[in-house]
Amino acid sequence: MGEMSLGAAVACLGAAVWLVGGRNSGTRRAQLLLAGGGVVGAGPPDWRRMAGELRRLRGRLRAEWWAPAVGLVLGVLGASLLPVVAGAAGVPLLRRVRLAREARRTRERCGDAVIALCGALAGEVRTGRQPGEALLRVARDCGGLGEAQAAVLAAARFGGDVPGALTSAARQPGAGGLSGLAACWRVAVDQGAGLAAGLDRLEGALRAERDQRADLRAQLAGARSTVVMLAGLPVLGLLLGAAMGADPLHVLLHTGAGLGCVVVGGVLEALGMWWALRIVRGAEAA
């Protein structure tokens, strides 16, 4: 037990030194030496630099890497390798959850950029600018079109197929509103219809759709809280058992009945979370 604790402490210390020091420690040391002729380690600590180091550390340490850290701690406390293995197995699952969350935020940012683009383009057209010039100005300022932004800017600058570039950009996640912009552009160019009026209606429709999604997400906040509470119940049970003077980790990890409870409880926990998330995603998709 003592050797395992010492090994875990050394491993955590080495990881912390590597993450904080990183490969740019020589660069930071040179900056300290050249900044006013000071000496490394002399003078009061730079709290802003320390805050920056902590932010970089948090950026490097993704959420999924907390799973093996927690598994290591539980393995040391329970003198078992089972929590360590479970923590390592949870890394891909947590990474998938994090990537899905980041993808959703990217879609939302892209959708907001499309709405801003439509509103700004309508305002520029009303001031008397030509549609190509207005799109070139607005797309450069608003951004948010992702990889297809260069194609849209090139089409607007050199008189290319602007609706085609917008349609290609609409294939990006969250940029579906650009297909409506492409349709408005074709109608305005081919039939001489007012582009600003169509853009106003398109912006209103996109805003209403975004508000509807936000309202649905607010209504589903209770269901998401249920999922979080369901995920935290085993931890609460372990804490209550330890507070009552029992040794829940020893019972769960070193007895046959405890291992059976771990397996059955893990399966039921996974099924419950999957079912709750399925209900939430089904409501969002509808």
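Just so you know, these numbers come straight off a predicted model, no measurement behind them. (Residues numbered from 1 in each chain as written. Predicted model: local features only at pLDDT ≥ 70, side-chain atom pairs only at ≥ 80, totals over all residues. Heavy atoms only, no water.)

Q: Could you clarify how one ought to interpret the overall build of the chain in this entry?
A: Looking only at helices and strands, the chain features 13 helices and zero strands. For the chain, the succession of helices and strands along the chain, N to C, is α-α-α-α-α-α-α-α-α-α-α-α-α. Counting only residues that meet the buried cut, the chain has 26% of its 286 residues in that class. Of all intrachain contacts in the chain linking residues separated by at least 6 positions in sequence, the fraction that spans at least 24 positions is 55%. (Helix = DSSP H or I, 4+ residues; strand = E, 2+ residues; numbered from the N terminus. Buried < 20%, exposed > 50% of the residue type's maximum accessible area, 1.4 Å probe, protein only. Contact = heavy atoms within 4.5 Å.)

Q: What is the right way to look at the UniProt feature "coiled-coil region" (unreviewed entry) in the chain in this model?
A: UniProt feature "coiled-coil region" (unreviewed entry): in the numbering of this structure it lies at residues 199–226. This span, residues 199–226, is 96% helix and 0% strand, and a straight line between its end C-alpha atoms measures 41 Å. (UniProt positions renumbered as here; feature names shortened; annotations may be inferred.)

Q: Explanation requested: the packing of aromatic side chains in the structure shown.
A: Two descriptors summarise a pair of aromatic rings, namely the distance from one centre to the other and the angle between the planes of the rings. In the structure shown here, the tally under the stated rule is one aromatic pair. Arranged with centres 6.0 Å apart and planes meeting at 50°, the rings of Trp-274 and Trp-275 form a pair that is tilted. Note on Trp-274: relative accessible area 51%, which makes it exposed. (Phe/Tyr/Trp six-rings, centres within 6.5 Å; stacked < 30°, edge-to-face > 60°.)

Q: Would you mind showing me how to read the nonpolar core here?
A: Generally speaking, a soluble globular protein has its nonpolar side chains buried in company with each other. Leu-117, Leu-121, Leu-135, Leu-166, Leu-178, Leu-181 and Leu-195 are the most contacted members of the largest nonpolar core, which totals 34 residues. Mapped onto this core, the elements with two or more residues apiece are α5 (82–126), α6 (131–142), α7 (149–158), α8 (162–169), α9 (177–191) and α10 (195–219). A total of eight residues in this core trace back to one element, the largest contributor, which is α5. Excluding anything up to four places from it in sequence, Leu-195 contacts Val-125, Pro-131, Cys-184, Trp-185 and Ala-188. (Core = buried A, V, L, I, M, F, W, Y, C linked by side-chain atoms within 4.5 Å.)

Q: What is the right way to look at the environment of Val-228 in this model?
A: Topologically, Val-228 is positioned in helix α11 (residues 221–243). On a C-alpha basis, the gap between Val-228 and Met-273 in space is 8.6 Å, while along the polypeptide they are 45 residues apart.

Q: Which parts of the structure should I look at to understand the environment of Gly-237?
A: For Gly-237, the location among the structural elements is in helix α11. Residue classification places Gly-237 among the partly exposed positions, given a relative accessible area of 40%. Put simply, Gly-237 and Pro-248 are 11 residues apart on the chain and 8.8 Å apart in space, counted from C-alpha to C-alpha.

Q: Looking at this structure, I do not really get the pattern of salt bridges. What am I missing?
A: Opposite charge on two side chains makes pairing possible when the charged atoms of those side chains draw close. Inspection of every chain in the model, using the stated rule, returns 10 salt bridges. Close ionic contact of Arg-217 with Glu-108 constitutes a salt bridge, the shortest N to O distance being 3.0 Å. In this pair, Arg-217 is assigned in helix α10 and Glu-108 in helix α5, connecting sequence segments 109 residues apart. When the shortest N-O distance is used, the salt bridge between Arg-213 and Glu-209 registers 3.4 Å. Highlighted residues: Arg-213 and Glu-209, both in helix α10, separated by four residues, approximately one helical turn. Residues joined in a network through salt bridges with shared partners are Glu-124, Arg-129, Glu-133 and Arg-137. (Salt bridge = Lys/Arg side-chain N within 4 Å of Asp/Glu carboxyl O.)

Q: Explain a nonpolar patch on the surface here, please?
A: A cluster of nonpolar residues, Val-263, Val-264, Val-267, Leu-268, Leu-271, Trp-274, Trp-275 and Ile-279, forms a patch on the protein surface that exposes about 850 Å² of accessible area. On the secondary structure map, Ile-279 appears in helix α13 (residues 256–285). (Patch = residues over 30% accessible without salt bridge, like charges linked within 9 Å, V, L, I, M, F, W, Y side chains within 5 Å. Areas by Shrake-Rupley, 256 points an atom, 1.4 Å probe, with all protein chains shown as cover.)

Q: What exactly am I supposed to notice about unusual backbone geometry here?
A: Trans is the prevailing form of peptide bonds, just as negative phi is the prevailing case for residues other than glycine. Look at Ala-79: it is not a glycine, yet its phi comes out positive at around 55°. Examined against the element boundaries, Ala-79 turns out to sit in the loop between α4 (66–78) and α5.

Q: I would appreciate a short explanation of the side chain of Glu-124 in the present structure.
A: Note on placement: Glu-124 falls in helix α5. What makes Glu-124 buried here is its relative accessible area of 18%. When residues no more than four places from it in sequence are discounted, the contact partners of Glu-124 are Arg-129, Ala-134, Arg-137 and Val-138.

Q: So what exactly am I meant to see when it comes to the confidence of the model for the chain here?
A: Detailed conclusions should not be drawn from predicted coordinates in areas where pLDDT is low. The predicted model of the chain averages 76 in pLDDT, with 75% of residues at 70 or higher. Between the elements of the chain, mean pLDDT differs from a low of 46, seen in helix α2 (residues 25–34), to a high of 88, seen in α10. Counted against residues more than four places away or in other chains, residues 16–44, with its pLDDT under 50, gives 20 contacts. (pLDDT = per-residue confidence, 0-100.)

Q: Would you mind showing me how to read the side chain of Ser-80 here?
A: The topology assignment puts Ser-80 in the loop between α4 and α5. A distance of 3.2 Å separates the side chain of Ser-80 from the backbone nitrogen of Leu-82, its partner in a polar contact. Every residue in contact with Ser-80, bar those within four places of it in the chain, is listed here: Gly-75, Leu-253 and His-254. (Polar contact = N/O pair within 3.5 Å; in protein donor to acceptor, adjacent residues only side chain to side chain.)

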